[in-house]
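# Notes for the structure review
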Amino acid sequence: ENNILSKLPLRGKKVLITAGPTYEAIDPVRFIGNHSSGKMGFAIAKEAANLGAEVILISGPSHQQIKHSFVKRVDVVSADEMYDAAHQYFNEVDIAILAAAVADYKPKKVAHQKIKKQDSSLTIALTPTKDILASLGLIKKQQFLVGFALETNNEIENAKSKVIRKNLDAIVLNSLQDKGAGFATNTNKITIIDKNLNEKAFELKSKAAVAKDIINEIILRSKNQDT
Ligand code: CTP
Ligand code: CA
């Protein structure tokens, strides 16, 4: 073939991406959330689609927008909903990139009515959410599975232990050490660690450029994997 489509390295591939925060309901009007903007996950979705992939983008509450005929956006709110959506699509994909900032805990009970203000202190009991990434690591077959890690100390060691513990093919470590990397910013500084625990550090870049690096590495490494 010598048409333009043959230049697209992800043509015929399906990619699942999670993005954004999750919101865990406390009562009908309140939730526990985090500052994730969804920018990184959406940038990865756009890059994968631009390279020809069919993308399933599972997003928590985010103001990000994406218009691309190769991207199917699935909106969810809570960690439980994101877990169900990820499992619904995982079997059919070739690559899964879990960039969402999933809540680690949710309220043990959701109050059916708005909790009234009291004079005394209020304690909300929390219970762990399911780890979506680890659960996919347990069942993965052909899928190239990529996680993210945000660490504030012992970054590399903690990220490496996540690669092993969650049975990943690679992890993207977000460096908080440099200003300009992280949640609400437009830039990121990453290190990619593969399943053999090889490290590759990248410069501080725009999230669009970081997305290109991530997809590039995945294409290289998933090619080496299937022989
Ligand atoms: N993750 C997930 N489901 C969860 C929690 C995390 O899928 N319930 C995924 C994130 O999307 C990310 C990776 O796991 O790809 C690592 O998230 P992170 O918060 O760094 O790791 P945790 O295992 O939650 O450990 P900790 O927060 O204690 O560092
Ligand atoms: Ca966490």
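Since we're looking at a predicted model, the values are computed, not measured.

Now for the overall build of the protein. The number of helices and strands found in the protein is five helices and 14 strands. Radius of gyration (C-alpha) of the protein: 18 Å, near the 17 Å computed for a compact globule of 227 residues. Taken along the three principal axes of its C-alpha coordinates, the protein extends 70 × 40 × 35 Å.

Turning our eyes to something else, we now look at the site of ligand 1. Around ligand 1 sit 15 residues, and of these Leu98, Val102, Ile132, Leu133 and Gly147 come closest. Taken together, the elements giving at least two residues each to the shell around ligand 1 come down to helix 3 (132–139) and strand 9 (144–151). The leading source of residues in the shell around ligand 1 is strand 9, at four residues. Within the shell around ligand 1, the residues separate by chemical class into nine nonpolar, three polar and three charged.

Formed by 56 residues in total, the largest nonpolar core has its most connected members in Val15, Ile17, Ile44, Ala48, Val146 and Ile171. Per-element accounting of this core gives the leading share, seven residues, to helix 1 (residues 39–50). Once you skip the residues sitting within four places of it in the chain, Val15 turns out to touch Leu10, Ala48, Ala53, Val55, Val93, Asp94, Ile95 and Ile97.

Right, let's get into the sheet that holds strand 1 (residues 14–19). Pairing is mixed in the open sheet, where eight strands are placed in the order 5-4-1-6-9-10-12-13. The sheet is open, and its two borders are formed by strand 5 (71–75) and strand 13 (199–201), each paired with just one other strand. Strand after strand, the sheet turns through a mean of 15 degrees between neighbouring axes, direction not considered. When strand 4 (residues 54–59) meets strand 5, the two strands line up parallel, connected through five bridges. Residue Val55 lies in a different strand from strand 5, and its bridge partner there is Val71. Packing against the sheet, helix 2 (residues 79–90) makes contact with strand 1, strand 4, strand 5 and strand 6 (95–98), and its axis sits at approximately 175 degrees to strand 1.

Mapped onto this structure's residue numbering, the UniProt feature "binding site: CTP" (unreviewed entry) falls at Asp104, Lys114, Phe148, Lys162 and Lys166. In three dimensions, the annotated residues from a span of 63 residues occupy distinct locations, with a maximal C-alpha spread of 37.9 Å. Examined against the element boundaries, Phe148 turns out to sit in strand 9. By C-beta crowding, Phe148 is classed as buried, having 22 other C-beta atoms within 10 Å. Filtering out sequence-adjacent residues up to four positions away, Phe148 remains in contact with Leu98, Ala99, Ile171, Val172 and Asn174. Structurally, the position occupied by Lys162 is in helix 4 (residues 155–165). Judged by the 20 C-beta atoms lying within 10 Å of it, Lys162 is buried. Non-local contacts of Lys162, meaning those with residues more than four positions away in its chain, are made with Gly147, Ala149 and Ile171.

Burial in helix 3 covers these residues: Ile132, Leu133, Leu136 and Gly137. Buried residues of helix 3, seen end-on, are gathered within an arc of 140 degrees and therefore sit on one face of the element. Pointing more than 90 degrees away from the buried face of helix 3 are the exposed residues Leu138 and Ile139. Structurally, helix 3 contributes buried residues whose contacts are with strand 1, helix 2, strand 6 and strand 9.

Under the 1.5 Å per step criterion, the end-to-end length of helix 2 is 16 Å for twelve residues, consistent within 8% with the ideal 16 Å. What helix 2 keeps buried is the set Ala79, Met82, Tyr83 and Ala86. The arc that holds the buried residues of helix 2, viewed along the axis, is 105 degrees, so those residues lie on one side. Looking at the buried residues of helix 2, the elements they touch are strand 1, strand 2 (24–27), strand 4, strand 7 (105–107) and helix 3.

The next point concerns unusual backbone geometry. One non-glycine residue with positive phi stands out, namely Asn154, at about 45 degrees. Mapped onto the elements of the fold, Asn154 is located in the loop between strand 9 and helix 4. Its 10 C-beta neighbours within 10 Å are what place Asn154 among the exposed residues. Its identity as a non-glycine residue notwithstanding, Asn167 has a phi of 55 degrees, on the positive side. In this structure, Asn167 sits in the loop between helix 4 and strand 10 (170–175). Of the residues examined, Asn167 has 16 C-beta atoms within 10 Å and is grouped as partly exposed.

Conventions used here
Residues numbered from 1 in each chain as written. Chains lettered and ligands numbered in written order. Predicted model: local features only at pLDDT ≥ 70, side-chain atom pairs only at ≥ 80, totals over all residues. Helix = DSSP H or I, 4+ residues; strand = E, 2+ residues; numbered from the N terminus. Rg over C-alpha atoms; globule rule 2.2 N^0.38 Å. Near = placed C-beta within 6 Å. Nonpolar A, V, L, I, M, F, W, Y, C, P; charged D, E, K, R; others polar. Core = buried A, V, L, I, M, F, W, Y, C linked by C-beta atoms within 7 Å. Buried ≥ 20, exposed ≤ 12 C-beta atoms within 10 Å, placed from the backbone. Contact = placed C-beta atoms within 7 Å. Pairing = 2+ DSSP bridges. Axes fitted to C-alpha atoms, helices over the stretch in contact; angles between N-to-C directions. UniProt positions renumbered as here; feature names shortened; annotations may be inferred. Arc of directions from axis to C-beta. Expected span 1.5 Å × (residues − 1).

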